[in-house]
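Spelled out from the first residue to the last, the chains are:
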Amino acid sequence: MADVPIIKTQDSRISETVCIDTKRIFDSCVSKDCCEDLRVAFYGGAQDIIDGADTIKTRDCDVVAVSIDVEDVPFNRGYYNVDINFYFKLRFDVYGAPFTNPQTVTGFTNFEKKCILFGSEGDVKVFKSVLNRHGNQLDSPEAPQYTNPTAKVQAVDPVVLDTDVIDIHHCRRPLFTAFPDSIRSIVDEASFRPNPRKAVLVTLGLFSIIQMERDAQILINALDYCIPDRECDCSSQDPCSTFQGIDFPVDDFFPVEKAEPTP
């Protein structure tokens, strides 16, 4: 076995080449999607409020769940289809008449996208030693893990570009109802009103990064262990004294001016 190189650095720490088992990114892409005219689904009595709406304003929109499916691309080894379904939770201020106080309702919508990424090849089964739950032996049989590539999606909460309420007879968008259990579990009444009179369409601006990862062993240069260089602050002083030590958030009250372009 070849000798592991050891290098003396300027700050007197020892640098050596070590092997780590980690996720390697084989391919990635940046996506900027304009999700146009997505129909919003309302559970329970929320649809009744929408049916009586005069105007609607979107208060906020959150990405609450993402489902990802990875499949081989036929006749193109090492490449994979990535099917992504984003699920959004939106809150609306609904005005039944001009100059009245709004009612806040919650709705959900989804957006599907597809891409093809390179994930390399490999069909290795990985077995790990696991402590026996009834003793200290390491011979407990475990199911294997596979080194197939996995897709990873990063996304920020979308920008709401447009909100429109229309008569249901003018709506050409089908109502999506196949939401995951994580969404149905947070609503009071997980059913949809039959024969709604109005539909809400939203247009969202979505930024995301999609990565294709695979387990890999990689050599890196290691300087030292990650030892914390400060003690934990376990002060038990009263809350007002702690608050007095916080700097005043000037930038929150006085936003930074737009920088002048460099000539």
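Treat the numbers as computed from the prediction; the structure is a model and nothing was measured.

A. Here's a closer look at the overall build of the protein chain. A tally of helices and strands in the protein chain yields four helices and ten strands. Starting at the N terminus, the α and β elements of the protein chain follow one another as β-β-α-β-β-β-β-β-β-β-α-β-α-α. Out of the 263 residues in the protein chain, the part that is buried amounts to 27%. Put simply, 79% of the contacts in the protein chain that link residues at least 6 apart link residues at least 24 apart. Taken as a whole, the protein chain presents about 19000 Å² of accessible surface, with 52% of it coming from carbon and sulfur.

B. Examining the pairing of strand S3 (residues 55-72) more closely. Summarising the sheet, S3 and strand S4 (residues 79-95) pair through 16 bridges and their orientation is antiparallel. Residue pairing for S4: Asp69 is matched across the bridge by Asp83. Hairpin connection of S3 to S4: six residues between the antiparallel strands, including Phe75 at a positive phi of 65 degrees.

C. Region of the structure containing the packing of aromatic side chains. Within this structure, the stated rule accounts for eleven aromatic pairs. Lying across the ring of Phe26, Arg24 places its NZ or CZ 4.6 Å from the centre.

D. Just the pattern of salt bridges, in detail. Applying the stated rule across the entire model yields eight salt bridges. Lys114 serves as the salt-bridge partner of Asp83, at 3.0 Å between the closest nitrogen and oxygen. On the criterion of sequence distance, the pair formed by Asp83 in strand S4 and Lys114 in strand S5 (residues 103-118) is long-range, its members being 31 residues apart. You can call Asp83 partly exposed: its relative accessible area is 25%.

E. Seen up close, the nonpolar core. Ranked by size, the top nonpolar core spans 29 residues in total, and within it Phe42, Phe88, Leu90, Phe92, Val200, Val202 and Leu204 carry the most contacts. Looking at this core, the elements with two or more residues in it are strand S2 (14-39), helix H1 (46-51), S3, S4, S5, strand S8 (150-155) and strand S10 (198-222). Counting residues per element, this core draws most heavily on S4, at eight residues. Excluding anything up to four places from it in sequence, Leu90 contacts Val40, Thr58, Asp60, Cys61, Val105, Thr106, Gly107, Thr109, Val202 and Leu204. One finds Ala65, Tyr87, Phe179 and Val187 within the second-largest nonpolar core, a separate group that totals eight residues.

F. Here's a closer look at the confidence of the model for the protein chain. Overall, the predicted model of the protein chain reaches an average pLDDT of 82, with 82% of residues at or above 70. S4 holds the highest mean pLDDT among the elements of the protein chain, 94, whereas strand S1 (residues 6-8) holds the lowest, 48.

G. Representation of the pairing of S10. By the bridge criterion, six bridges tie S8 to S10 in an arrangement that is antiparallel. For Val153, the partnering residue across the bridge sits in S10 and is Ile210. Looking at chain direction, strand S9 (residues 159-167) and S10 are connected through eight bridges and run antiparallel. Note that in S10 the partner of Val160 across the bridge is Leu204.

H. Geometry of the side chain of Glu213. Within the secondary structure layout, Glu213 lies in strand S10. The buried charged residue Glu213 lacks any salt bridge, with Lys152 as its nearest oppositely charged partner at 4.1 Å. Engagement of the side chain of Glu213 in a polar contact is seen with the side chain of Gln211, the distance being 3.4 Å. Ignoring any residue separated from it by four or fewer positions in sequence, one finds Glu213 in contact with Lys23, Arg24, Ile25, Pro149, Thr150 and Lys152.

I. Region of interest: the sheet that holds S3. Judged by pairing direction, the sheet is antiparallel, and its three strands sit side by side in the order S3-S4-S5 without closing on themselves. Of all the strands in the sheet, just S3 and S5 have a single pairing partner and so form its edges. Looking at each pair of strands side by side, their axes are set apart by 15 degrees on average, direction ignored.

Reading guide: rules and limits
Residues numbered from 1 in each chain as written. Predicted model: local features only at pLDDT ≥ 70, side-chain atom pairs only at ≥ 80, totals over all residues. Heavy atoms only, no water. Helix = DSSP H or I, 4+ residues; strand = E, 2+ residues; numbered from the N terminus. Buried < 20%, exposed > 50% of the residue type's maximum accessible area, 1.4 Å probe, protein only. Contact = heavy atoms within 4.5 Å. Areas by Shrake-Rupley, 256 points an atom, 1.4 Å probe, with all protein chains shown as cover. Pairing = 2+ DSSP bridges. Phe/Tyr/Trp six-rings, centres within 6.5 Å; stacked < 30°, edge-to-face > 60°. Lys NZ or Arg CZ within 6 Å of the ring centre and 35° of its normal. Salt bridge = Lys/Arg side-chain N within 4 Å of Asp/Glu carboxyl O. Core = buried A, V, L, I, M, F, W, Y, C linked by side-chain atoms within 4.5 Å. pLDDT = per-residue confidence, 0-100. Lys, Arg positive; Asp, Glu negative; His and termini not counted. Polar contact = N/O pair within 3.5 Å; in protein donor to acceptor, adjacent residues only side chain to side chain. Axes fitted to C-alpha atoms, helices over the stretch in contact; angles between N-to-C directions.

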